[in-house]
Each structure stands twice: as structure tokens, then as C-alpha cells.
Amino acid sequence: MFDKLKDLGGLMQQAQQMQQKMQELQAALERLEIVGTSGAGLVKVTVNGKNETRRIEIDASLFKPEDKGVVEDLIVAAANDARGKVEETVQAQMRDITGGLPLPPGFKL
């Protein structure tokens, strides 16, 4: 009986530690900056670890009216590149926290 209570206490302590690590990860993700690029670096989109866009940089050579559609497509591609990098980073950090346990499909912080 006492062994089961001891095991339960240990499990509760592990859950609290994991919760603290999750809170630390969320704070770190807000500070994290990841840059997505497209067009050989002509367009850059910077997002934080929560996929919030922080900055967009466009090389001045792209500012021609006839290239408007191309620039818009490059911005979308850079934003998608940044989001993909965020997902990879979050998944890697979550694997560290959960000890390699797989996350449920679609799990988001």
C-alpha cells in the first residue's frame, strides 16, 4: 500500500516538473526568433516560436511594379519556411521535455 502511495507521489512530482518545463518552453518560444527565406535570400520573414510574425525584410532590388506578384509569392514562401522551422524546433524541444514520448497529432502549445 505504501509503495503505491510512494509511486503516486513520484509520478505527481514528475508531472509538476514537466509542467514547469512546459511553462519555461513557452516563455522561451516567445523570445525565440526564426528566419524563413525565399528567393535566394531576397525575402526574409522572422517569426517567434509561437508562429507570430515579427519582421519582414525585402531586398530593394525587388521593388519594381511589374514584380509585385513575384514579391508577394516570395513573402508567402518565406513565411511558410519560417513556420516550418518553428514546428521542427518546437517538436524537438517537446521530445526533450517528454523524454521522447510522441505528441498527439495536431498538438500545439
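Note that the coordinates shown come from a computational prediction; the quantities given were computed from them, not determined experimentally.

1. Examining the UniProt feature "coiled-coil region" (unreviewed entry) in the protein chain
The UniProt record annotates "coiled-coil region" (unreviewed entry) at residues 8–35. For residues 8–35, the helix share is 86%, the strand share is 11%, and the end-to-end C-alpha distance is 43 Å.

2. Brief notes about the pattern of salt bridges
Under the counting rule described, the total for this entry stands at six salt bridges. In this structure, the salt-bridge partner of E30 is K50, at a minimum N-O distance of 3.3 Å. Separated by 20 residues along the polypeptide, E30 in helix 1 (residues 2–31) and K50 in the loop between strand 2 (43–48) and strand 3 (53–58) bring together distant segments of the chain. Residue R54 pairs with E52 through a salt bridge whose shortest N-O separation is 3.2 Å. Of the residues examined, R54 reaches a relative accessible area of 45% and is grouped as partly exposed.

3. Some details on the pairing of strand 3
With five bridges connecting them, strand 2 and strand 3 associate as antiparallel partners. Of the residues in strand 3, the one forming a bridge with V43 is I58. The turn linking strand 2 back onto strand 3 is made up of four residues, and N51 within it adopts a positive phi angle of 65 degrees.

4. Remarks on the sheet that holds strand 1 (residues 33–38)
Spatially, 1-2-3 is the arrangement adopted by the three strands of the open sheet, whose pairing is antiparallel. Each edge of the open sheet carries a strand with a single partner, namely strand 1 and strand 3. For this sheet, the mean inter-axis angle between neighbouring strands, taken without regard to orientation, is 15 degrees. In the sheet, strand 1 pairs with strand 2 via six bridges, with the strands oriented antiparallel. Across the sheet, residue S38 finds its bridge partner in strand 2, namely V43. Contacts between helix 2 (residues 68–98) and the sheet are confined to strand 1, strand 2 and strand 3, with strand 1 contributing the most and set at about 140 degrees to the helix.

Reading the values: the criteria
- Residues numbered from 1 in each chain as written.
- Predicted model: local features only at pLDDT ≥ 70, side-chain atom pairs only at ≥ 80, totals over all residues.
- Heavy atoms only, no water.
- UniProt positions renumbered as here; feature names shortened; annotations may be inferred.
- Helix = DSSP H or I, 4+ residues; strand = E, 2+ residues; numbered from the N terminus.
- Salt bridge = Lys/Arg side-chain N within 4 Å of Asp/Glu carboxyl O.
- Buried < 20%, exposed > 50% of the residue type's maximum accessible area, 1.4 Å probe, protein only.
- Pairing = 2+ DSSP bridges.
- Axes fitted to C-alpha atoms, helices over the stretch in contact; angles between N-to-C directions.
- Contact = heavy atoms within 4.5 Å.

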